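Inside the fold
So you can see what is in the structure, the chains are spelled out below.
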2 protein chains.
Amino acid sequence: MIETPYLLFLGDAPDQLAAKVAQGIKDWRPEYAVGQLRMEGCNADMKLPDMTLLDAKAAGAKTLVIGVANRGGIISPAWKKVLITALEEGFDIASGLHNLLRDEADLVAVAEACGRQLHDVRVPSVQYPIATGVKRTGKRCLAVGTDCSVGKMYTALAMDKVMKARGEKSTFAATGQTGILVTGKGVPLDAVIADFMAGAVEYLTPDNDADHWDMIEGQGSLFHVSYSGVTMALIHGGQPDALILCHEPTRTHMRGLPDYDLPTLQQLYDTALPLARWANPACEVVGISINTQHLSDADALAYLAQVEAEMGLPAVDPFRQGADRLVDALLGTQTVLAAQ
Amino acid sequence: MIETPYLLFLGDAPDQLAAKVAQGIKDWRPEYAVGQLRMEGCNADMKLPDMTLLDAKAAGAKTLVIGVANRGGIISPAWKKVLITALEEGFDIASGLHNLLRDEADLVAVAEACGRQLHDVRVPSVQYPIATGVKRTGKRCLAVGTDCSVGKMYTALAMDKVMKARGEKSTFAATGQTGILVTGKGVPLDAVIADFMAGAVEYLTPDNDADHWDMIEGQGSLFHVSYSGVTMALIHGGQPDALILCHEPTRTHMRGLPDYDLPTLQQLYDTALPLARWANPACEVVGISINTQHLSDADALAYLAQVEAEMGLPAVDPFRQGADRLVDALLGTQTVLAAQ
């Protein structure tokens, strides 16, 4: 659990894209972002107040979040001075960099001396249990994709936001580094030991109120041969009541696998649903989330209409259109189930 | 890679079952087992020559293999003296215990001083790559089960033995602790970090001669919600040409999961084969291996005949009947494919 609110460290980010972790926090948890700290040469801007460490401390910030990925994921000497001062000023530090904070002897020494925490969100901080498969109370929705990086995290965050706006009980359950930094907690599932993957997902989405939904961030794809085991653990550990199918229609092959075509949405439906029903016989596919960023407005709308007609399910781009129709479908399922 | 041959350490095993790792080595790689070392109170016997460390050294043994699991998987003080002397006499030590050799400061110190290796086969010794999914040369057969512990390792070992006896090119590819100790190498797949599971299986079963078969030890089950992700990684990382379905017909529920029924063999067929064909479109289910240990001879034969009729595939118990018919089916597939 990372203490909030945050001061977002943008470092010397060469461009806006390099600061996508900070952007994610700004977009999805603006209440966590009291300000930004930019060094000389920084070309990213979250349109947040520029703050010194002392300003941010006065504004209540508890954790300095490294919101930028630099080349090679390393912690540069230029950053080091800021990070050490932050610890001395009483901030914890959170990072999703490959170069771990805990591997920097000076940061570790200063953190210990100052009684501060270093959060490396790429590394599990918990000894997760073996999954039990026991049915849990509350509801769970899982985003599954035809491929990696098609918008599963975005979809779950967008649905969670709509749920909260409507006063519904909802928790975004982060399973990746960015999601964990956005929300301050979660499970870095790709870094968990194989035997404990499904147990980690159970741990992440425990018993809850009957009308509470966990919106589980998906990982990988059942059709991505490098990571399909991680996806499988999400489907069985998450025991979802609802699946959202996620797709990016302009991909010509699976991400990083030039020899592999993408599956169709129907193949994803036919594969994921029976596997999910093994852990939760009540599971339904409730909607489809399409990432249309590479299509024109007109092409996007035409494609969405076509998918909706073919699949008989609401098909939306939550970035262009919002996630309301996906949430309608989710709560509609709940109503139908409650009425049975 | 563990150096062979072995001296099998049976310690103070209370009964034969406690020494099942030693039994596995004796059964499947008798040429690796030069003798056994039994302490006072040992009630297990592999029918191997009883040897002192010096006897075994003279007979060429290179590694002392802890072939026994005691209560709690710990390294007892009574054992410690033998293990330290073994290191001093020039043996490496290999263990699949939960209590790691490397966590015992005295063993580590003596091993370093003597230039010997401590092999903890529960812990990966390699930084495995991310899977690429690139098609590899050679053939691969994977045992998949309706449940955990239904005989997948036994089946792969039995088929490998028949293959070798017939002069066919075959390698048993170990993916679990016992299999690794039996063969001296392999991947402890359940202990691999999630992102690298499929890559570890690719690493284990690399390019090979066109007529060489890797007999891959299965793990878990697609229907066991605790471990299905591991199985999925085997199916996609292994890109098998052939699947063997494994089943134990007297189970009343999934192992450790009282709320879960076992799937049928047909369900396993229908689920595993399409997933396998995503990585290898030529994959076929070639046979069925039934663990009939809890059935009488008559019941076993009747059950096998029934399964064979229902599934249209050879159904055998390799323990009772040998694995010849499974190998016939495997090589028949190869012949058919070669003729196409």
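Residues numbered from 1 in each chain as written. Chains lettered and ligands numbered in written order. Predicted model: local features only at pLDDT ≥ 70, side-chain atom pairs only at ≥ 80, totals over all residues. Heavy atoms only, no water.

1. Some words on helix 1 (residues 20-28) of chain A
Residue and element names in this part refer to chain A.
- Listed as buried for helix 1 are Val21, Ala22, Gly24, Ile25 and Trp28. What you see down the axis of helix 1 is that its buried residues fit within an arc of 160°, all on one side.
- Tucked inside the fold, the buried residues of helix 1 contact strand 1 (6-11), strand 2 (33-38), strand 3 (63-66), helix 5 (152-165) and helix 6 (177-183). (Buried < 20%, exposed > 50% of the residue type's maximum accessible area, 1.4 Å probe, protein only. Helix = DSSP H or I, 4+ residues; strand = E, 2+ residues; numbered from the N terminus. Arc of directions from axis to C-beta. Contact = heavy atoms within 4.5 Å.)

2. Here's the deal with the sheet that holds strand 4 (residues 92-95) of chain A
All names here are of chain A.
- Spatial strand order, 2-1-3-4-5: 5 strands in an open sheet with parallel pairing. Sheet topology places strand 2 and strand 5 (118-120) at the edges, where each strand pairs with a single neighbour. Within the sheet, the average angular offset between the axes of one strand and its neighbour, ignoring direction, is 20°.
- With 3 bridges connecting them, strand 3 and strand 4 associate as parallel partners. Paired with Thr63 across the bridge in strand 4 is Asp92.
- In the packing of helix 1 onto the sheet, contacts are made with strand 1, strand 2 and strand 3, and the angle to strand 1 comes to roughly 150°. (Pairing = 2+ DSSP bridges. Axes fitted to C-alpha atoms, helices over the stretch in contact; angles between N-to-C directions.)

3. A closer look at the environment of Leu37 of chain A
Residues and elements named next belong to chain A.
- Position of Leu37 among the secondary structure elements: in strand 2.
- In this structure Leu37 comes out as buried when scored by relative accessible area, which is 10%.
- As a C-alpha pair, Leu37 and Asp50 span 13 residues in sequence and 5.8 Å in three-dimensional space.
- Residue contacts for Leu37: discarding those within four places in its chain leaves Leu7, Leu8, Phe9, Leu10, Gly11, Met51, Leu53 and Val82.

4. Observations regarding helix 3 (residues 77-88) of chain B
Residues and elements named next belong to chain B.
- For helix 3, spanning 12 residues, the distance from its first C-alpha to its last is 17 Å, which sits close to the expected 16 Å at 1.5 Å a residue.
- Looking only at helix 3, the buried set comprises Trp79, Lys80, Val82, Leu83, Ile84, Ala86 and Leu87.
- Downstream of helix 3 by a residue or two, Gly90 has a phi angle that is positive, lying close to 100°. (Expected span 1.5 Å × (residues − 1).)

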